[in-house]
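# Remarks on the overall topology
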Amino acid sequence: MDKHVFTDKQKKLIAWAAIAIFLLLSAAVGWFIGRPLVRFASRPEEFRLWVDGHGLLGMAAYVGMVFLQVVVAVIPGEPLEISGGYAFGALRGSVLCLLGGVLGSVAVFALVRRFGRELVEIFFPREKLDAEIDSILSLGIEVKTGVKVGQDVTFDQLRKEHDCLYISIGAHTDKKT
């Protein structure tokens, strides 16, 4: 199956449409979900009564609220964190907050991993990205991929051979684009 290639005009149109849709969705989520959610979480006693009345469902809803706050990012998290500590106690509130945060971060990571390159290429042509990478490499930076530190080379060897190191983990599988 051949990959569809967009013209520059189509890419610009898609980019502006994506920005407009993102802004509209962010505003709608912030207005219709975020404002009531923050208002609700800002009244700790009411929030605590609601949580106590719903048992496990209340805890799951709280984790879902934190998840939504992480994914949407325009919803402030502080009222949720404070209310979670008040409603569940410091330890359980922290654990539930962290659970929602981790689940939200995993969702964002998965979305970026799946659609990230395609989205970047809508805003920046592949040729421009390649030119930027070549510009960085022309500064004398040496890039080595597939090296297993501790197996192929030791940290001591790297420290002796280089003035500066940037070690990064990458995709654990090769992703052909």
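This report concerns the structure included in the present document. (Residues numbered from 1 in each chain as written. Predicted model: local features only at pLDDT ≥ 70, side-chain atom pairs only at ≥ 80, totals over all residues. Heavy atoms only, no water.)

### Details of a negative patch on the surface
Applied cut-off: Surface patches are defined over residues having more than 30% relative accessible area and no salt bridge, joining like charges when they lie within 9 Å and nonpolar side chains (Val, Leu, Ile, Met, Phe, Trp, Tyr) when within 5 Å. All accessible areas in this document rest on Shrake-Rupley with a 1.4 Å probe, and a residue is counted as covered only by the protein chains that are shown. Whenever Lys or Arg places a side-chain nitrogen within 4 Å of a carboxyl oxygen from Asp or Glu, that contact is recorded as a salt bridge. A positive count includes Lys and Arg, and a negative count includes Asp and Glu. His and the chain ends are not counted in either. Taken as the charge centre is NZ of Lys, CZ of Arg, CG of Asp or CD of Glu, depending on the residue. Helix and strand assignments follow DSSP, with helices taken as H or I runs no shorter than four residues and strands as E runs no shorter than two, numbered in order from the N terminus. Burial classes follow relative accessibility: with a 1.4 Å probe on protein chains only, a residue under 20% of its type's maximum area counts as buried, one over 50% as exposed, and anything between as partly exposed.
Together, Asp8, Glu127, Asp130 and Asp134 make up a region of like negative charge exposed at the surface. Positionally, aspartate 134 belongs in helix α5 (residues 126-137). On the basis of relative accessibility, which here comes to 49%, the residue aspartate 134 falls in the partly exposed class.

### Some thoughts on the packing of helix α1 (residues 8-41) against helix α2 (residues 44-72)
Stated formally: Lines fitted to the C-alpha atoms define the axes, with helices restricted to the stretch that makes contact. Angles between their N-to-C directions range from 0 to 180 degrees. Convention used here: angles under 35 degrees read as roughly parallel, angles over 145 as roughly antiparallel, angles from 65 to 115 as roughly perpendicular, and any remaining angle as oblique. Crossings are assigned a handedness: left-handed for a near helix turned anticlockwise from the far helix by less than a right angle, right-handed for a clockwise turn. Any two residues having at least one pair of non-hydrogen atoms within 4.5 Å are treated as being in contact. Each residue gets one of three labels, nonpolar for Ala, Val, Leu, Ile, Met, Phe, Trp, Tyr, Cys and Pro, charged for Asp, Glu, Lys and Arg, and polar for the others, Gly among them.
Between α1 and α2, whose axes approach to 11 Å, the crossing angle comes to 140°. Compared by their axis directions, α1 and α2 come out oblique. For the crossing formed where α1 meets α2, the hand is left-handed. Contact residues: α1 offers Val29, Ile33, Leu37, Phe40 and Ala41, while α2 offers Pro44, Glu46, Phe47, Trp50, Met65, Leu68 and Val72. Here the residues of the contact of α1 with α2 sort into 11 nonpolar, no polar and 1 charged.

### Quick look at the side chain of serine 83
On the secondary structure map, serine 83 appears in helix α3 (residues 78-88). The exposure class of serine 83 is buried, given its relative accessible area of 1%. With near-sequence residues (within four places) excluded, serine 83 lies in contact with Ala41, Ser42 and Phe47.

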